[in-house]
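# Descriptive structure summary
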Amino acid sequence: MRLLIVEDEPKTGDYLKKGLTEHGYTVEVARTGADGLHLALESDFDLILLDVMLPGLNGWQVLAQLREKKETPVLFLTARDQVDDRVKGLELGADDYLVKPFAFSELLARVRALLKRGKPAGADALCVADLEIDPIRRRVTRAGQRMDLTAKEYALLLLFLRRQTEVLSRTFIAEQVWDMNFDSDTNVVDVAVRRLRAKVDDPFHRKLIHAVRGVGYVCEAR
Amino acid sequence: MADARGRPGWLSWNSLTARLGALFALLSAALLAVVGLMLVHALEAELRSRDIAELTAKTAQLREALGDFESVPALRARQDDFFGAVYDRERQAIVVADRAGRALLVSRELMVPRELLTGFAGQPGRGPQAVDWTQNGDDWCAVLAWGTLGQRSIASAAATPVVLVVALNRSSTNLMLDQFYRQLILLLAGGGLVTSAIGFAVAWHGLRPLRQIDATASAITADRLAERLDLARAPAEVQRLGASFNAMLARLHESFRRLSEFSSDLAHELRTPLNNLLGQTHVALSRPRAPRDYQDVLESNAEELERLRKMTEDMLFLAKADEARTRLDWQTFQLRHEVDKVAEYFAVVAEDRAVRVEVTGAAPVHADRRLVQRALNNLFANAVRHAPPGTPVRVRIDPGDDGGVRLAIANAGPGIAPEHLPRVFDRFFRTDPSRPDSAESSGLGLAIVQSIMRMHGGLASAASEADGLTTFTLRFPAASAHPR
């Protein structure tokens with residue numbers, strides 16, 4: 001998967017490139033709008049991360065000119081959180097919009113969602129190590145043992161298994177499982193994850209759900 | 001006239017002093033003029049009626065005298081006898097005319113207007129009549145009467161009716177009246193000037209409290225908001241204005257105080273995580289360490305940065321709410337549905353703390369669903385955090401009688417001290433800054449709740465009984481009362 005980052009702020013560009021490369025993407029960085037547009041038109045990328053405030057050609061102009069020729073998905077990154085900006089970006093043909101400051105895990109989740117777009121998340125069995133979910137019968141087993149989970153615990157585990165190896169932020173988990181679309185002063189996600197782990201991890205030697213301090217949680221067989 | 005700040009001065013036509021002064025002058029001049037005119041008129045009427053009375057008396061005397069003369073030639077021959085001693089040759093004139101209005105005898109050069117004379121001569125037997133006319137610049141007034149020649153003679157059959165005219169030159173009287181007029185006009189002009197000066201002075205003096213307000217207001221700057229108007233001796237009208245002005249100053253003062261307090265609170269709130277970040281990073285970099293140690297530092301930094309990010313987001317939300325830049329996505333929905341959803345979200349935490357959440361009542365509200373969810377979220381977080389284990393958190397939804405909706409969320413616990421109640425919705429306000437869980441709360445949650453309610457034209461309030469229930473109430477206005 002090839003990604004293009006158009007970002008003039010050097011540190012932002014660098015850490016985005018580093019983070020995304022480490023997650024298996026091939027990343028190129030352009031520091032100006034003109035360079036970015038040139039690169040985007042010259043070669044085929046799977047996704048473009050486009051900053052709005054760029055010297056010379058700004059993000060909107062790059063997007064407008066790009067859309068005349070190509071349909072490469074574009075994720076806008078901006079420090080301006082205004083409804084009009086958001087609408088303008090989406091009208092010009094941006095596929096998603098992320099406001100700075102954002103958590104890297106959030107960005108990663110959106111990048112993955114955009115790259116997977118159109119490909120349905122399969123209804124086939126999901127598993128990690130000896131933990132299995134049968135989404136059709138809503139059954140969870142570990143090492144052949146049936147797990148008795150509440151509806152929300154099930155939804156949480158399903159999210160973890162669908163997003164295996166991705167570090168999920170608390171905000172993202174709250175949004176996906178409870179449809180709470182904002183930060184709040186609460187540790188609901190921590191408590192919920194702790195209870196889930198008590199059921200699916202505590203009785204077993206091999207742990208599958210891990211806390212990533214300061215970031216969130218990840219599900220993987222280590 | 002304008003002062004240095006480009007505002008109209010006290011003597012321009014925009015000024016109350018000038019208007020009041022001018023009005024005062026105008027009114028007094030009008031009053032003087034009316035009284036003066038009435039006086040002159042009365043004087044003139046009085047003088048004329050005296051003149052007429054004099055002429056009438058004279059006419060009566062002359063009519064009497066006419067009887068002594070049997071014919072016109074006899075009258076002519078002894079005219080000085082007829083005119084007699086009472087005749088004032090300077091001012092008076094006497095004419096005797098026949099029935100056709102022709103003059104038979106004239107005491108001096110006087111032309112009684114022909115039409116007056118013939119008009120009267122055409123009405124035999126008519127009583128005395130007073131008439132006025134002007135001749136050669138002189139004003140005349142006369143009494144016309146019928147008389148009879150030779151009434152007392154033995155041959156009374158020879159009695160001849162004649163018209164007797166006794167005229168008086170009133171020019172000197174009119175001259176005097178004219179002089180009186182001129183003096184009156186001078187008096188009016190002078191009086192007008194004096195009263196307008198007095199009017200200006202009175203208005204100037206009466207409006208002094210306004211100038212004091214002006215002076216005080218000019219002296220007020222952001223750092224001198226504690227200034228107040230002294231209203232002890234101000235008149236009633238100005239007292240109300242001054243009181244409103246003082247109240248406005250008090251509100252401004254309070255807002256400024258909160259704003260500056262907020263700025264220093266913000267700096268303080270930022271300082272703690274920044275200090276941690278800087279300190280930890282510097283310590284970590286001061287010597288080579290094992291990867292695990294670096295990871296520890298980075299993880300801790302990530303936590304602090306997450307706090308900063310959240311705080312920035314909340315601050316931005318509040319700033320946008322203050323500037324009314326948030327567009328609300330109005331829709332009508334069951335408040336109960338959102339409460340249940342948020343209650344479900346908090347179910348695990350509540351269970352963890354052995355706190356029950358009980359929801360009663362239902363009502364539809366017209367509001368922005370996500371914002372309401374966010375407000376509920378903050379209130380739930382607050383209630384669940386402070387409710388002691390084993391106690392319930394009770395949520396009640398009531399449709400109000402005014403068409404609005406009331407939501408109350410109550411929890412037991414230590415309560416909020418009365419002196420803290422008015423400030424719980426302030427930004428960064430914490431009843432106990434050293435509370436161990438203060439790291440968990442940004443101190444902006446309740447401020448966000450209040451600003452969300454304000455955006456909806458509603459209000460959030462808090463009540464607390466000593467070691468009893470703490471209740472937060474959200475009031476949604478009736479759908480018809482929405483701000484936009």
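Rules used in this analysis
- Residues numbered from 1 in each chain as written.
- Chains lettered and ligands numbered in written order.
- Predicted model: local features only at pLDDT ≥ 70, side-chain atom pairs only at ≥ 80, totals over all residues.
- Heavy atoms only, no water.
- pLDDT = per-residue confidence, 0-100.
- Contact = heavy atoms within 4.5 Å.
- Helix = DSSP H or I, 4+ residues; strand = E, 2+ residues; numbered from the N terminus.
- Buried area = accessible area lost by both parts, 1.4 Å probe.
- Salt bridge = Lys/Arg side-chain N within 4 Å of Asp/Glu carboxyl O.
- Buried < 20%, exposed > 50% of the residue type's maximum accessible area, 1.4 Å probe, protein only.
- Pairing = 2+ DSSP bridges.
- Phe/Tyr/Trp six-rings, centres within 6.5 Å; stacked < 30°, edge-to-face > 60°.
- Lys NZ or Arg CZ within 6 Å of the ring centre and 35° of its normal.
- Domains from an automatic or database assignment.
- Axes fitted to C-alpha atoms, helices over the stretch in contact; angles between N-to-C directions.

A separate point is the confidence of the model for chain B. Confidence in the prediction for chain B averages 82 pLDDT; 91% of positions are at 70 or higher. Note on residues 435–439 of chain B: pLDDT under 50 across the span, and five contacts to partners over four residues away in sequence or across chains.

Below, the discussion takes up the side chain of Asn377(B). With respect to the secondary-structure elements, Asn377(B) resides in helix 10 (residues 369–386). With near-sequence residues (within four places) excluded, Asn377(B) lies in contact with Met180(A), Phe182(A), Ser184(A), Thr186(A), Val342(B), Tyr345(B) and Phe346(B).

A word on the interface of chain B and chain A. Counting residues at the interface gives 31 residues for chain B, matched by 26 residues for chain A. In total, chain B and chain A occlude about 2800 Å² of area from one another, counting both sides; carbon and sulfur atoms represent 48% of this. Among the residues of chain B in contact with chain A, Arg309(B), Tyr345(B) and Val348(B) are the three that bury the most area, contributing 21% of the side total. For the pair chain B and chain A, the interface holds seven salt bridges. Taking the shortest distance from any N to any O, the salt bridge between Glu303(B) and Arg213(A) comes out at 3.0 Å.

Here we take up the pairing of strand 1 (residues 92–97) of chain B. The two faces of a sheet get side chains in turn, since along a regular strand they alternate between them. Residue and element names in this part refer to chain B. For strand 1, a buried count of six out of six residues is recorded, marking the element as mostly surrounded by other parts of the structure. Side chains Gln-92, Ile-94 and Val-96 project from strand 1 onto one buried face, and the interleaved Ala-93, Val-95 and Ala-97 project onto a second face that is buried too. Here strand 1 pairs with strand 5 (residues 160–169) via six bridges, running antiparallel. What sits directly across from Gln-92, in strand 5, is Leu-168. When strand 1 meets strand 2 (residues 103–106), the two strands line up antiparallel, connected through three bridges. Counterpart to Ala-97 in the pairing with strand 2 is Ala-103. What sits between strand 1 and strand 2 in their antiparallel hairpin is a turn of five residues, with Gly-101 showing a positive phi close to 90°.

Before going further, it helps to examine unusual backbone geometry. The step from Lys100(A) to Pro101(A) runs through a cis peptide bond, and the omega angle for that step is 0°. By secondary structure assignment, the location of Pro101(A) is in the loop between strand 5 (96–99) and helix 5 (104–116). A positive phi is found at Ala143(A), a non-glycine position, where the angle reads about 50°. Within the secondary structure, Ala143(A) sits in the loop between strand 8 (139–142) and strand 9 (145–147). Not every positive phi belongs to a glycine, and Ala354(B) is a case in point at roughly 60°. In this structure, Ala354(B) sits in the loop between helix 9 (335–352) and strand 7 (356–360).

All right, on to the packing of aromatic side chains then. Per the counting criterion, the structure on display carries eight aromatic pairs over all chains. Both rings, one in Phe76(A) and one in Tyr97(A), keep their centres 6.4 Å apart while their planes meet at 55°; by these two values the pair is tilted. Of this pair, Phe76(A) sits in strand 4 (residues 74–78) while Tyr97(A) sits in strand 5; the two residues are 21 residues apart in sequence, bridging distant segments of the chain. The pair Phe76(A) / Tyr97(A) is uniform in exposure class, with both members buried. Counting every residue linked through ring pairs, the aromatic cluster contains Trp178(A), Tyr345(B), Phe346(B) and Phe380(B). Directly above the aromatic system of Trp204(B) lies the positively charged group of Arg211(B), at a separation of 3.7 Å from the ring centroid.

This next bit is on the domain arrangement of chain B. All names here are of chain B. In terms of domains, chain B is made up of domain 1 (1–206), domain 2 (236–321) and domain 3 (327–481). Summarising the inter-unit geometry, the C-alpha centres of domain 2 and domain 3 are found 23 Å apart. Listed by partner, the interface residues are 13 residues for domain 2 and 15 residues for domain 3. In total, domain 2 and domain 3 occlude about 1300 Å² of area from one another, counting both sides; carbon and sulfur atoms represent 61% of this. For domain 2, the biggest contributors to the area lost against domain 3 are Asp-314, Phe-317 and Leu-318; these three give 42% of the whole. Linking domain 2 with domain 3 are one salt bridge.

Residues and elements named next belong to chain A. One open sheet holds the three strands; their spatial order is 10-12-11, and the pairing between them is antiparallel. The open sheet has two edge strands, strand 10 (167–169) and strand 11 (209–212), and neither has a second partner. Mean inter-strand twist for the sheet, computed between neighbouring axes without regard to direction, equals 30°. In terms of strand pairing, strand 11 meets strand 12 (residues 216–219) through four bridges, oriented antiparallel. Across the sheet, residue Ala-211 finds its bridge partner in strand 12, namely Tyr-217. Packed onto the sheet, helix 6 (residues 151–162) meets strand 10, strand 11 and strand 12 and runs at close to 70° relative to strand 12. Its contacts with the sheet put helix 7 (residues 170–178) on strand 10 and strand 12, and the angle it makes with strand 10 is roughly 75°.

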